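Structural characterization, general
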Amino acid sequence: MMRVRLICVGRLKERFYVEAAEEYVKRLGAYCKLEVVEIPEQRLPRLPSPGDIAGALEREGAAIQDRIPSGFTVVALCVEGQAKSSQELADALGRWAQSGGKGLALVIGGSYGLHPAVKAAAKLRLSMSPMTFPHHLARVMVLEQLYRAFQIQAGSSYHK
């Protein structure tokens, strides 16, 4: 069974996000060994300077890199990444599972995104859309797309 680690900056607070994420985590249990890792988002002043933001991203990036297991394929979620259809994601997931790697690490940044070093270490920079979404909603969307990808691979009718 494929190992998947979803590394997220920030904690889910709103109950509706928590419930949605829990539902997909439960569903994914049949298809992969999933672990969700939350990294605290760095606190910034109300009006942070570019230096404040850069420092926070650097600290978050180091914490993210510390939690990526050796041998895992890394996918960084970022707006400037490559857009893929659900079928293309399912195909990529299948290739990664067959490649002999130890697992897949998907990374979702905080309010200011991801440090460039995290993006540089990724095999794929993946964009969910050119639109901007709250990173908490992105977590639910990534979990749903993972579930959809496994459903596509299984040939189920979930993906229409």
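Cut-offs and rules
- Residues numbered from 1 in each chain as written.
- Predicted model: local features only at pLDDT ≥ 70, side-chain atom pairs only at ≥ 80, totals over all residues.
- Heavy atoms only, no water.
- Core = buried A, V, L, I, M, F, W, Y, C linked by side-chain atoms within 4.5 Å.
- Buried < 20%, exposed > 50% of the residue type's maximum accessible area, 1.4 Å probe, protein only.
- Helix = DSSP H or I, 4+ residues; strand = E, 2+ residues; numbered from the N terminus.
- Contact = heavy atoms within 4.5 Å.
- Phe/Tyr/Trp six-rings, centres within 6.5 Å; stacked < 30°, edge-to-face > 60°.
- Axes fitted to C-alpha atoms, helices over the stretch in contact; angles between N-to-C directions.
- Parallel < 35°, antiparallel > 145°, perpendicular 65-115°, else oblique.
- Left-handed = near helix turned anticlockwise from the far one by under 90°.
- Nonpolar A, V, L, I, M, F, W, Y, C, P; charged D, E, K, R; others polar.
- Salt bridge = Lys/Arg side-chain N within 4 Å of Asp/Glu carboxyl O.
- Pairing = 2+ DSSP bridges.
- Expected span 1.5 Å × (residues − 1).

1. Remarks on the nonpolar core
With 32 residues, the main nonpolar core has Val75, Leu93, Trp96, Leu104 and Leu106 as its most contacted residues. Counting only elements with at least two residues in this core, the list comes to strand E1 (2–9), helix H1 (15–28), strand E3 (72–83), helix H3 (86–98), strand E4 (103–108), strand E5 (124–127) and helix H5 (135–154). In terms of residue count, the dominant contributor to this core is H5 (9 residues). Contact partners of Leu93, with chain neighbours within four places excluded, come to Met2, Leu104, Leu146, Ala149, Phe150 and Gln153.

2. Some words on the packing of aromatic side chains
By the definition in use, this model includes 5 aromatic pairs. Clustering of aromatic rings is evident, with ring pairs tying together Tyr24, Tyr31, Tyr147, Phe150 and Tyr158.

3. Topic: the packing of H1 against H5
Remark: H1 packs on H5, axes separated minimally by 9 Å, with the N-to-C direction vectors making an angle of 20°. Judged on the interaxial angle alone, H5 and H1 are roughly parallel. Every pair of crossing elements has a handedness; the one defined by H1 and H5 is left-handed. In contact with Tyr17, Ala20, Ala21, Tyr24, Val25, Arg27 and Leu28 of H1, H5 contributes His136, Leu137, Val140, Leu143, Glu144, Leu146, Tyr147 and Phe150. For the contact of H1 with H5, the class distribution of residues is 12 nonpolar, 1 polar and 2 charged.

4. Examining the pattern of salt bridges
For the coordinates displayed, the defined rule picks out 9 salt bridges. Among the ionic contacts, a cluster of salt bridges with common partners joins Arg11, Glu38 and Arg139.

5. Quick word on the packing of H3 against H5
Helix-helix packing: each pair is described by the crossing angle between the helix axes and the interaxial distance. Running from N to C, H3 and H5 cross one another at 75°; their axes reach a closest spacing of 8 Å. Overall, the two elements H3 and H5 adopt an arrangement that is roughly perpendicular. Counting all contacts with H3, which are made through Ser86, Gln87, Leu89, Ala90, Leu93 and Gly94, the residues of H5 involved are Gln145, Leu146, Arg148, Ala149, Phe150, Ile152 and Gln153.

6. Points about the sheet that holds E5
Strands sit in the order E2-E1-E4-E3-E5 across an open sheet of 5 strands; the sheet is parallel. A single partner strand is all that each edge strand has here, and the edge strands are strand E2 (32–39) and E5. Pairs of neighbouring strands in the sheet enclose a mean axial angle of 30°, with direction left out of account. Judged from the 5 bridges that link them, E3 and E5 form a sheet pairing that is parallel. Across the sheet, the residue bridging to Val75 is Leu124, located in E5. Packed on one face of the sheet, helix H2 (residues 50–66) meets E1, E2 and E4 and runs near 165° to E1. Taken strand by strand, H5 contacts E1, E2, E3 and E4, and its axis lies near 165° from that of E1.

7. Quick word on H2
The end-to-end C-alpha separation of H2 is 24 Å, in line with the 24 Å expected for 17 residues at 1.5 Å each. Burial in H2 covers these residues: Gly55, Ala56, Leu57, Glu60, Gly61, Ala63 and Ile64. Buried positions along H2 lie against E1, E2, E4 and helix H4 (116–121).

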